[in-house]
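Examination of the molecular architecture
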Amino acid sequence: MSTNKLLDVLCWTPLAKPIRAMRIHRINRVARENYDKRKIDKLINQIVVNHGDLLS
């Protein structure tokens, strides 16, 4: 049984609140990582556009 399926089953027990908190924490972490990646990509693209002649 996979971890997600096990957590889905446990959501119907008294452990639902800690599991929900763990999932929200994971979603927020992934969202922050994706935001940081987009911000870094934008910054790198700006550097390439502004200083592309130095990268050749």
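The structure contained in this document is the topic of the report that follows.

What counts, and at which threshold
- The residue numbering used here restarts from 1 in each chain and proceeds along that chain's sequence as written.
- Totals for whole chains, interfaces and linings use all residues, but because this is a predicted model, local features are given only for residues with pLDDT of at least 70 and pairs of side-chain atoms are given and counted only at 80 or more.
- Excluding hydrogens and water, the side-chain figures rest on all heavy atoms present in the structure.
- A run of DSSP states H or I qualifies as a helix once it reaches four residues; a run of E qualifies as a strand once it reaches two. Both are numbered from the N-terminal end.
- Values of the radius of gyration come from C-alpha atoms, whereas the globule rule sets the reference at 2.2 Å times the count of residues to the power 0.38.
- Under the convention used here, a 1.4 Å probe and the Shrake-Rupley method define accessible areas, while residue burial counts only the protein chains that appear.
- For this count, His and the chain ends are skipped, Lys and Arg are scored as positive, and Asp and Glu as negative.
- In plain terms, the charge of a residue is placed at NZ if it is Lys, CZ if Arg, CG if Asp and CD if Glu.
- For this document, the term salt bridge refers to a Lys or Arg side-chain nitrogen within 4 Å of an Asp or Glu carboxyl oxygen.
- Relative accessibility decides the category of a residue: with a 1.4 Å probe and only protein chains considered, values under 20% of the type maximum give buried, values over 50% give exposed, and everything between is partly exposed.
- Angles run from 0 to 180 degrees between N-to-C directions of axes, and those axes are lines fitted to C-alpha atoms, restricted for helices to the stretch in contact.
- Note on angle classes: values under 35 degrees are labelled roughly parallel, values over 145 roughly antiparallel, values of 65 to 115 roughly perpendicular, and the remainder oblique.
- The contact criterion used is simple: two residues touch if any of their non-hydrogen atoms lie within 4.5 Å.
- For this classification, the nonpolar set comprises Ala, Val, Leu, Ile, Met, Phe, Trp, Tyr, Cys and Pro, the charged set comprises Asp, Glu, Lys and Arg, and every other residue, Gly included, is treated as polar.

Details of the overall build of the protein
Each helix and strand in the protein was counted, giving two helices and zero strands. By the compact-globule yardstick of 10 Å for 56 residues, the protein is too spread out, its C-alpha radius of gyration being 20 Å. In terms of principal-axis extent, the alpha carbons of the protein reach across some 60 × 20 × 10 Å. As displayed, the protein has an accessible area near 5,200 Å², and 63% of this comes from carbon and sulfur atoms. Across the protein, the mean location of the 11 positive side-chain charges is 13 Å away from that of the 5 negative side-chain charges.

Quick word on the pattern of salt bridges
Tallying each qualifying case throughout the model produces two salt bridges. As a salt-bridge pair, Arg23 and Asp8 come within 2.6 Å of each other at their nearest N and O atoms. One end of the pair, Arg23, is in helix α2 (residues 16–51); the other, Asp8, is in helix α1 (residues 3–10), and 15 residues separate them in sequence. Between Arg29 and Glu33 there is a salt bridge, with the nearest N and O atoms lying 3.5 Å from each other. Here the residue Arg29 and the residue Glu33 both occupy positions in helix α2, the gap between them amounting to four residues, near one helical turn. Residue Arg29 is classed as partly exposed on the basis of its relative accessible area, which comes to 34%. Given a relative accessible area of 35%, Glu33 falls into the partly exposed group.

Thoughts on the packing of α1 against α2
Angle between the axes and distance between the axes: these two values describe a pair of packed helices. Contact geometry of α1 with α2 gives a least axis separation of 9 Å together with a crossing angle of 140°. Put simply, α1 runs oblique to α2. Counted together, Asn4, Leu7, Asp8 and Leu10 of α1 and Ala16, Ile19, Met22, Arg23 and Arg26 of α2 form the full contact between these two elements. Of the residues belonging to the contact of α1 with α2, the class tally is five nonpolar, one polar and three charged.

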